[in-house]
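# Report on the structure
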Amino acid sequence: MSDGLKNPIWRIVVNLLLIVWAIMVLYPLVWTVLGSLKDNQQFFQGNPWDLPQIPLLFSNFSYVWDKYQFGGYFMNSIIVTVVSVLAGLILSAMTAYILARFAFKGSGVLYYVYIASMMIPMFLGMIPLFFLMSDMGLTNSLLGLIIVYTVSTIPFSVFVLVGFFKTLPSEIEEAAMMDGASYYGIFFRIMMPLAKPGLISVSIINVLNTWNEYILGVVLNSEPSKYTLPVGIAVMQGEMQYRTEWGPLFAALLISMVPVMIFYLIFQRQIASGITAGAVK
């Protein structure tokens, strides 16, 4: 601990700042939960910041799930996120392993090409990407979204994982090769388990980015049955604001946040260990 934080006054100040920050982060979530349990009368005739009245309207969740096809949006996001993140993770892990452990002509240039692709704004490639996907017949389909999301996760994943693979001792590979292991066996059975902290950290970030992605979902998909959650919620918000269905809208927002929160709570220790491992190495 630094000398400044050993001072009791500084510790109190830091703790107060952290408490204020926690309140700022948690209060919108709490307000979303409370709003999802209200009816329109409680929003407009009372103070919108008041607690919901008894009985609590849990029916808002079933209403938005059935009436607005929210279940379909939810499943589309699940499919797109899971498949694209897993496919991107496998491809980026293999690429990062080759770039980190094998010296070949042009490997450095290839690595910096991946890094440079992270600096290109997505909007610059939106129009050519749309025409490319349209010519391939991949617009208005979940497969098209999966391909685009998979490719978009690779540069950042390669950037992070190359550092993890470089830190692994080469003696492990040499021992495995002496035992007759193939390159595939070394990678999948030895290297990937050793790089687990980095893989989990990258997966968390990619899941969050893919789950919340909106622009590509709008540009590449105009079929309502193929909407993902961000697109579906935006369409619902446009309809609900004229029907004054604020309770169901809050319920939809809460449902969309629950998988991400559960995912984070399950892997929070792995996230911390992955970040620590990357910082130490």
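In case you missed it, the structure is sitting above this.
Report on the accompanying structure. What you see is a predicted model; the values in this text were computed from it and never measured. (Residues numbered from 1 in each chain as written. Predicted model: local features only at pLDDT ≥ 70, side-chain atom pairs only at ≥ 80, totals over all residues. Heavy atoms only, no water.)

### Structural notes on the overall build of the chain
Condition: Helix and strand assignments come from DSSP, with helices taken as H or I runs of at least 4 residues and strands as E runs of at least 2, each series counted from the N terminus. Only protein chains enter the accessibility calculation, which uses a 1.4 Å probe. A residue is then buried if its area is under 20% of the maximum for its type, exposed if over 50%, and partly exposed in between. The criterion used for residue contact is that any of the two residues' heavy atoms lie within 4.5 Å. To be clear on the numbers: accessible area is Shrake-Rupley with a 1.4 Å probe, and residue cover counts the displayed protein chains and nothing else.
Summing up its helical and strand segments, the chain has 14 helices and zero strands in all. Listed by position from the N terminus, the elements making up the chain come as α-α-α-α-α-α-α-α-α-α-α-α-α-α. Counting every position in the chain, which comprises 281 residues, the buried fraction comes to 37%. Intrachain contacts of the chain at a sequence separation of at least 6 include 74% that bridge at least 24 residues. As presented, the chain carries roughly 16600 Å² of accessible surface, and 70% of it is formed by carbon and sulfur atoms.

### Regarding the packing of helix α6 (residues 107-117) against helix α8 (residues 142-167)
Applied cut-off: Note on method: axes are straight lines fitted to C-alpha atoms, helices fitted across the in-contact stretch only, with angles between N-to-C directions ranging 0 to 180 degrees. Our angle categories are set so that under 35 degrees counts as roughly parallel, over 145 as roughly antiparallel, 65 to 115 as roughly perpendicular, and the remainder as oblique. Helix crossings get a hand from a simple test, with the near helix turned counterclockwise from the far one by less than a right angle marking a left-handed crossing and a clockwise turn marking a right-handed one. For this scheme, ten residues count as nonpolar: Ala, Val, Leu, Ile, Met, Phe, Trp, Tyr, Cys and Pro. Four count as charged, namely Asp, Glu, Lys and Arg, and the remainder, Gly too, count as polar.
Contact geometry for α6 and α8: axes closest at 8 Å, N-to-C directions at 130 degrees. The angle between α6 and α8 falls in the class oblique. The hand of the α6/α8 crossing is left-handed. The residues of α8 that touch α6, namely those facing Tyr111, Tyr114, Ile115 and Ser117, are Ile154, Pro155, Val158, Phe159 and Val162. Of the residues that constitute the contact of α6 with α8, the class distribution is eight nonpolar, one polar and no charged.

### Things to note about empty space enclosed by the protein
In plain terms, the rule: Grid spacing is 1 Å over the protein atoms alone, the probe is 1.4 Å, and a cavity is where that probe fits but cannot get out, while a pocket is an open set with protein on both sides within 12 Å along at least five of seven lines and lining residues have an atom within 4 Å of a point. Grid points are joined across faces, edges and corners, and a volume is the space filled by probe spheres set on the points.
Within the structure shown, the criterion is met by one cavity of 30 Å³ or more. What the largest cavity holds in volume is close to 30 Å³. Sorting the residues of the lining of the largest cavity by element identifies α5 (70-101) and α11 (196-212) as the ones contributing at least two each. The element contributing the most residues to the lining of the largest cavity is α5, with three residues. A per-class count over the lining of the largest cavity returns four nonpolar, four polar and one charged.

### A word on the nonpolar core
What counts here: For our purposes a nonpolar core is just a set of buried Ala, Val, Leu, Ile, Met, Phe, Trp, Tyr and Cys residues, chained together by side-chain atoms within 4.5 Å.
Of all hydrophobic cores here, the largest spans 22 residues; its most connected members are Leu161, Val162, Phe165, Phe187, Met191 and Leu199. Only α5, α6, α8, α10 (183-194) and α11 provide two or more residues apiece to this core. Residue contributions to this core peak at six residues, all from α5. Setting aside its immediate chain neighbours within four residues, leucine 161 contacts Ser92, Ala93, Ala96, Gly198, Leu199 and Val202. Membership of the second largest hydrophobic core comes to 20 residues, among which are Phe61, Tyr68, Tyr227 and Ile233.

### Focus on the layout of surface pockets
Volume-wise, the largest pocket comes out at about 750 Å³. Surrounding the largest pocket, 24 residues form its lining, Ser117, Met122, Val148, Val151 and Ser152 being those nearest its centre. Counting only elements with at least two residues in the lining of the largest pocket, the list comes to α7 (126-135), α8 and α11. The leading source of residues in the lining of the largest pocket is α8, at eight residues. Estimates place the volume of the second largest pocket at around 340 Å³. Forming the boundary of the second largest pocket are 15 residues, of which Thr81, Val82, Val85, Val207 and Phe263 lie nearest the centre. Sorting elements by how many residues they give to the lining of the second largest pocket places α5 first, with six residues.

### Comments concerning the packing of aromatic side chains
Here is the rule: Note on aromatic contacts: the rings of Phe and Tyr and the six-membered ring of Trp form a pair at centre separations within 6.5 Å, being stacked when their planes are under 30 degrees apart, edge-to-face when over 60 apart, and tilted otherwise. The criterion is that NZ of a Lys, or CZ of an Arg, lies within 6 Å of the ring centre and within 35 degrees of the ring normal, and then a charge sits over that ring.
Across all of its chains, the model carries 10 aromatic pairs by this definition. Considering the side-chain rings of tyrosine 73 and tyrosine 227, the 6.0 Å spacing of their centres and the 45 degrees angle between planes classify their relative orientation as tilted. Residue tyrosine 73 is found in helix α5, and its partner tyrosine 227 is found in the loop between α12 (215-219) and α13 (229-243); the two are separated by 154 residues along the sequence. Between tyrosine 97 and phenylalanine 187 the ring centres are 5.2 Å apart and the planes differ by 45 degrees, which places this aromatic pair in the tilted class. You can see tyrosine 97 sitting in helix α5 and its partner phenylalanine 187 sitting in helix α10, a full 90 residues away along the chain. Of the two residues, tyrosine 97 and phenylalanine 187, neither departs from the other in class, the shared state being buried. Here a set of aromatic residues connected by ring pairs shows up, and it is made of Trp65, Phe70, Phe74 and Trp211. Taking NZ or CZ as reference, lysine 166 lies 5.9 Å from the ring centre of tyrosine 111, over its face.

Keep in mind that these numbers describe shape and distance, not what the molecule does.
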